[in-house]
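Tertiary structure, described
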Amino acid sequence: MSPHRRSLRFWSGAVTAALALTVTTVGQASAADVNNARNAGFESGLSDWTCSAGSGTAVSSPVHSGSAALQATPSGQDNARCAQTVRVKPNSTYSLGAWVRGGYAYLGVTGTGTTDVSTWTPDSSSWKQLSTTFTTGSSTTSVTVYTHGWYGQAAYYADDVSVIGPDGGGGTDPGPTIPSAPAGLNVSGTSSSSVSLAWNAVSGATGYTVYRDGTKVTAVSGTSATVTGLAASTSYSFQVTATNGAGESPKSAAVTGTTSKPNGPGPALPKHAVTGYWQNFNNGATVQKLADVQAQYDIIAVAFADATSTPGAVTFNLDSAGLGGYTVDQFKADIRAKQAAGKKVIVSVGGERGTVAVNDAASATNFANSVYSVMQTYGFDGVDIDLENGLNATYMTQALRSLSAKAGSSLIITMAPQTIDMQSTSNSYFQTALNIKDILTVVNMQYYNSGSMLGCDGKVYGQGSVDFLTALACIQLENGLAPSQVGLGLPASTRGAGSGYVSPTVVNNALDCLTKGTGCGSFKPPRTYPGLRGAMTWSTNWDATAGNAWSNAVGPHVHGLP
């Protein structure tokens, strides 16, 4: 949250405008379809492939399958583009796919004769599948399929490239086969209205389908899902199948998930809410007691909890000396007073210097237990996840579901990812938000300290504009989060962040654009989102330093939204 966070910057002149932000589901292949790519698994080195500036090589580890994979390393002005000309048939639809890991990785096709397409994923320590589809023109007999990384970023790996469709006359690799049934299906968490499931990955699968009591309820690309909208204190039977271009596997063995008893009312937040971070330290901004926090803030995130020597565990230490002798008893009384006034007070975990890591089952348990203990000690209403050094989606999901089971349905969960964290649903932060959608309150993405980023239309927008706020919010709104779970996070003053400050007028224009379709810049959202939750700022202290200009302007505007 501070102005010194490291950020990844993108430059608009080098980004392909047609980048797709979602993975297209691959349709079922016909019996005549083949993989038209040659040397698709790089088992013959770089045969049939050409890599720019000598950036590519075949390696024996890591590989997705077989004995080899592509490693390509960007450098300077070279993005490590590796390409192959693939023979295709005119007026035909093809499914394009590849498995990637390592640095930022892109997959695309040019020369289709219709619309060239591409897709991408942020850096990853495990293999991920990229996939999309394209249609050839009436006279197209070949296309160029390519992968590439990103300037100045780490090497990426690619394996098992596929161009599945009618035989263009040059393919040598077989098409996909129906995957086997998933194993290891288990219930990873429950609430009074949902059951969370997890299972083992299936080789060759591009997606999974979840069945409840024999009826299909959802389809996902990963190996976990949360089934929502369930009745409390009720048992359900679940099965999962694996899918790819060849079809759907048999169903897995069934497991039973039982929802918990209802536990009190949900969070009594207004339809549109303002979140502000309160600083438990003195960094030159106005020092506040919690009682001093401006009345426009509906959610007050106390920054920050501290890591302990136990992996995943946190505690909270009030900086009494730095806050002018503010005592723990006064702090607790101020929390109760804010709650009596209808506010929610939560503890934030992370920040620029936060070192909390939840990377396995034990640390997930430690996180949930310790956060719940801090909530009980101080009376916090919930937790904010502001881990700016990465998180593990699997175990943070486990931790938050465990916390929810302890705290009940009144638990407030907010998140404050950086812009790069929400560029794609494949990113761990975005995955976590979607995994806990049924218990998540709001994601207040930080629209600052980030440089230029991609909007939901695949175009690049520079921070500091209405377009930057609306086009990036659109990614979340169009890729799984409810409007009530999306907020715009901005600095309260120029001193609150290293870059990205915009005037409250720009914030209000963006809110109007998203909720009412007015006040937009050049980017026009595909629809309006009247239920948008609102806005967030770092911090209430910097807001006070600037004469409360941010909360006085943005607060009433948020509360007056439709």
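Fair warning: this is a prediction, and the values are worked out from it, not measured in the lab. (Residues numbered from 1 in each chain as written. Predicted model: local features only at pLDDT ≥ 70, side-chain atom pairs only at ≥ 80, totals over all residues. Heavy atoms only, no water.)

**What to know about helix 2 (residues 361-378)**
Its 18 residues place the ends of helix 2 26 Å apart at the C-alpha level, agreeing with the 26 Å of an ideal helix rising 1.5 Å per residue. Turning to helix 2, its buried residues are Ser-363, Ala-364, Phe-367, Ala-368, Ser-370, Val-371, Val-374, Met-375 and Tyr-378. For helix 2, the capping residue at the N-terminal end is Asp-360, with a side-chain oxygen 3.3 Å from the backbone nitrogen of Ala-362. Gly-379 lies just past helix 2 and shows a positive phi near 90 degrees. (Helix = DSSP H or I, 4+ residues; strand = E, 2+ residues; numbered from the N terminus. Expected span 1.5 Å × (residues − 1). Buried < 20%, exposed > 50% of the residue type's maximum accessible area, 1.4 Å probe, protein only. Polar contact = N/O pair within 3.5 Å; in protein donor to acceptor, adjacent residues only side chain to side chain.)

**Looking at helix 5 (residues 466-478)**
Its 13 residues place the ends of helix 5 18 Å apart at the C-alpha level, agreeing with the 18 Å of an ideal helix rising 1.5 Å per residue. By the criterion of burial, helix 5 is predominantly enclosed, with 12 of the 13 residues buried. What helix 5 keeps buried is the set Val-466, Asp-467, Phe-468, Leu-469, Thr-470, Ala-471, Leu-472, Ala-473, Cys-474, Ile-475, Gln-476 and Leu-477. On its buried face, helix 5 sits against helix 4 (428-435), strand 27 (442-446), strand 28 (453-454), strand 29 (460-461), strand 30 (486-491) and helix 6 (504-516). One or two steps after helix 5, the chain reaches Gly-480, where phi turns positive at roughly 125 degrees. (Contact = heavy atoms within 4.5 Å.)

**Remarks on the side chain of Asn-444**
Considering the arrangement of structural elements, one finds Asn-444 in strand 27. Aside from chain neighbours lying at most four places away, what touches Asn-444 is Thr-275, Met-415, Ala-416, Pro-417, Gly-487, Leu-488, Ala-535 and Met-536.

**Overview of the nonpolar core**
Counting residues in hydrophobic clusters, the biggest one holds 101 residues, and the most contacted among them are Trp-278, Leu-290, Phe-331, Phe-367, Phe-380 and Ile-385. Tallying contributions element by element places helix 5 first for this core, with nine residues. Once residues within four sequence positions are removed from consideration, Ile-385 is found in contact with Val-349, Phe-367, Leu-391, Met-396, Leu-400, Thr-414, Met-415, Ala-416 and Tyr-429. Ala-40, Ala-80, Val-100 and Ala-105 belong to the second-largest nonpolar core, a separate cluster that totals 27 residues. (Core = buried A, V, L, I, M, F, W, Y, C linked by side-chain atoms within 4.5 Å.)

**Let's talk about the pattern of salt bridges**
What the rule picks out here adds up to five salt bridges. In this structure, Arg-401 and Asp-438 form a salt bridge, with 2.4 Å as the shortest nitrogen-oxygen distance. Here the residue Arg-401 occupies a position in helix 3 (residues 393-407), and Asp-438 occupies one in the loop between helix 4 and strand 27, the gap between them amounting to 37 residues. (Salt bridge = Lys/Arg side-chain N within 4 Å of Asp/Glu carboxyl O.)

**Side note on the sheet that holds strand 17 (residues 224-227)**
Pairing is antiparallel in the open sheet, where three strands are placed in the order 13-14-17. Both outer strands of the open sheet, strand 13 (186-190) and strand 17, are each paired with one neighbouring strand and no more. Ignoring strand direction, the axes of neighbouring strands in this sheet form an average angle of 25 degrees. (Pairing = 2+ DSSP bridges. Axes fitted to C-alpha atoms, helices over the stretch in contact; angles between N-to-C directions.)

**Focus on the packing of helix 3 against helix 4**
Between two packed helices, both the angle of their axes relative to each other and the distance between the axes serve to describe the pair. Relative orientation of the contacting elements helix 3 and helix 4 amounts to 35 degrees, with a least axis distance of 9 Å. For the pair helix 3 and helix 4, the crossing hand works out as right-handed. Judged by residue contacts, Ala-393, Met-396, Thr-397, Leu-400 and Arg-401 of helix 3 engage Ser-428, Gln-431, Thr-432 and Asn-435 from helix 4. A per-class count over the contact of helix 3 with helix 4 returns three nonpolar, five polar and one charged. (Left-handed = near helix turned anticlockwise from the far one by under 90°. Nonpolar A, V, L, I, M, F, W, Y, C, P; charged D, E, K, R; others polar.)

**Looking at the pairing of strand 26 (residues 412-415)**
Covered by surrounding structure in strand 26 are Ile-412 and Thr-414 together with Ile-413 and Met-415, the residues of both alternating faces. Bridge analysis of strand 25 (residues 382-387) against strand 26 gives four bridges, and the strand direction is parallel. Pairing of Val-383 across the sheet is with Ile-413, part of strand 26. Each parallel crossover has a hand, and the one from strand 25 via helix 3 to strand 26 is right-handed. Inspection of the sheet shows strand 26 paired to strand 27 by two bridges, in the parallel sense. Its bridge partner lying in strand 27, Met-415 is registered against Val-443. Regarding topology, helix 4 serves as the crossover connection from strand 26 to the parallel strand 27, and that connection is right-handed. (Right-handed = clockwise from strand over helix to strand, strands pointing away.)

**Observations concerning the state of the cysteines**
One pass over the structure, following the stated rule, counts three disulfides. One disulfide bridge connects Cys-51 with Cys-82, the sulfur atoms lying 2.1 Å from each other. Handedness here is read from the sign of the S-S torsion; for Cys-51 and Cys-82, about 115 degrees, the answer is right-handed. One end of the pair, Cys-51, is in strand 3 (residues 50-51); the other, Cys-82, is in strand 6 (residues 82-87), with 31 residues separating them in the sequence. (Disulfide = S-S within 2.5 Å.)

**Some words on the packing of helix 5 against helix 6**
Remark: helix 5 packs on helix 6, axes separated minimally by 9 Å, with the N-to-C direction vectors making an angle of 40 degrees. In terms of orientation, helix 5 lies oblique with respect to helix 6. Between helix 5 and helix 6 lies a crossing of right-handed hand. Taking contact as the criterion, the partners of Val-466, Leu-469, Thr-470, Ala-473 and Leu-477 in helix 5 are, on helix 6, Val-506, Val-507, Asn-509, Ala-510, Cys-513 and Leu-514. The class makeup of the residues in the contact of helix 5 with helix 6 is nine nonpolar, two polar and no charged. (Parallel < 35°, antiparallel > 145°, perpendicular 65-115°, else oblique.)

**Observations regarding the side chain of Asp-334**
If you trace the backbone, Asp-334 turns up in helix 1 (residues 328-340). It turns out Asp-334 is buried and unbridged, and the closest side chain with the opposite charge, Lys-289, is 7.3 Å from it. A polar side-chain atom of Asp-334 sits 2.5 Å from a polar atom in the side chain of Tyr-326. The residues touching Asp-334, leaving out its near neighbours within four places in the chain, are Lys-289, Leu-290, Ala-291 and Tyr-326. (Lys, Arg positive; Asp, Glu negative; His and termini not counted.)

In short, geometric facts, not functional conclusions.
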